[in-house]
Amino acid sequence: MDLNYYDVIKIKDIANFLNVNVNYLSSAFKEEFNLSPKQYLMKLKIRKAKKLLSTTNNTITVVAKSVGFNDSLAFSKVFKQYTQSYHHRIENRRLKLIYQIK
């Protein structure tokens, strides 16, 4: 997951790849990481997005696509859910810095 987080990843595909039952994979994952595979993947995507938002000048749309979201609205909802803040706050800070430099 860590290497292909930007792709569409289905638990069924991971289970098939590992040659295990989906339920077994889910419970083993939950036991190891204390998260469901889906929760782990979302947290990973959000962590990568936060890094991109703070270290690049990429737009929200570009960041969303680079971490595997097809639209920025879906990304915004997930981002807010996992960070309890809006991504536009980061964008606003970035804009303020740009205007302060000029």
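For the structure given in this document, a descriptive report is provided here. (Residues numbered from 1 in each chain as written. Predicted model: local features only at pLDDT ≥ 70, side-chain atom pairs only at ≥ 80, totals over all residues. Heavy atoms only, no water.)

Across the chain, the bulk of peptide bonds are trans and the bulk of non-glycine residues have phi less than zero. Even without a glycine there, the phi angle at Asn19 is positive, about 60°. The class of Asn19 is exposed, set by a relative accessible area of 70%. Positive phi outside glycine occurs at Asn34, with the angle close to 60°. As for its placement among the helices and strands, Asn34 is situated in the loop between helix H2 (22-33) and helix H3 (37-55). (Buried < 20%, exposed > 50% of the residue type's maximum accessible area, 1.4 Å probe, protein only. Helix = DSSP H or I, 4+ residues; strand = E, 2+ residues; numbered from the N terminus.)

Right, let's get into the packing of aromatic side chains. In this structure the tally under the stated criterion is five aromatic pairs. The interplanar angle of 70° and the centroid separation of 5.5 Å between the aromatic rings of Phe69 and Phe75 together place this pair among those described as edge-to-face. According to the relative accessible area criterion, Phe69 is buried, its value standing at 9%. Owing to a relative accessible area of 0%, Phe75 belongs among the buried residues under this scheme. (Phe/Tyr/Trp six-rings, centres within 6.5 Å; stacked < 30°, edge-to-face > 60°.)

The end-to-end C-alpha separation of H3 is 27 Å, in line with the 27 Å expected for 19 residues at 1.5 Å each. Those residues of H3 not exposed but buried are Pro37, Tyr40, Leu41, Met42, Leu44, Lys45, Ile46, Ala49 and Leu53. (Expected span 1.5 Å × (residues − 1).)

Let us look at helix H5 (residues 72-83). In an α-helix, one turn spans 3.6 residues; hence positions three or four apart end up facing the same way. Between its first and last C-alpha, H5 extends 16 Å over twelve residues, near the 16 Å set by a 1.5 Å rise per residue. Capping the start of H5, Asp71 holds a side-chain oxygen 2.9 Å from the backbone nitrogen of Leu73, two or three residues further along. With its phi angle positive at about 60°, Gln84 sits one or two positions after the end of H5. (Polar contact = N/O pair within 3.5 Å; in protein donor to acceptor, adjacent residues only side chain to side chain.)

If you look at the biggest cluster of nonpolar residues, it comprises twelve residues: Met42, Ile46, Ala49, Leu53, Ile60, Val63, Ala64, Val67, Phe69, Phe75, Val78 and Phe79. When residues of this core are traced back to their parent elements, those giving at least two are H3, helix H4 (60-66) and H5. The element best represented in this core is H3, accounting for four residues. (Core = buried A, V, L, I, M, F, W, Y, C linked by side-chain atoms within 4.5 Å.)

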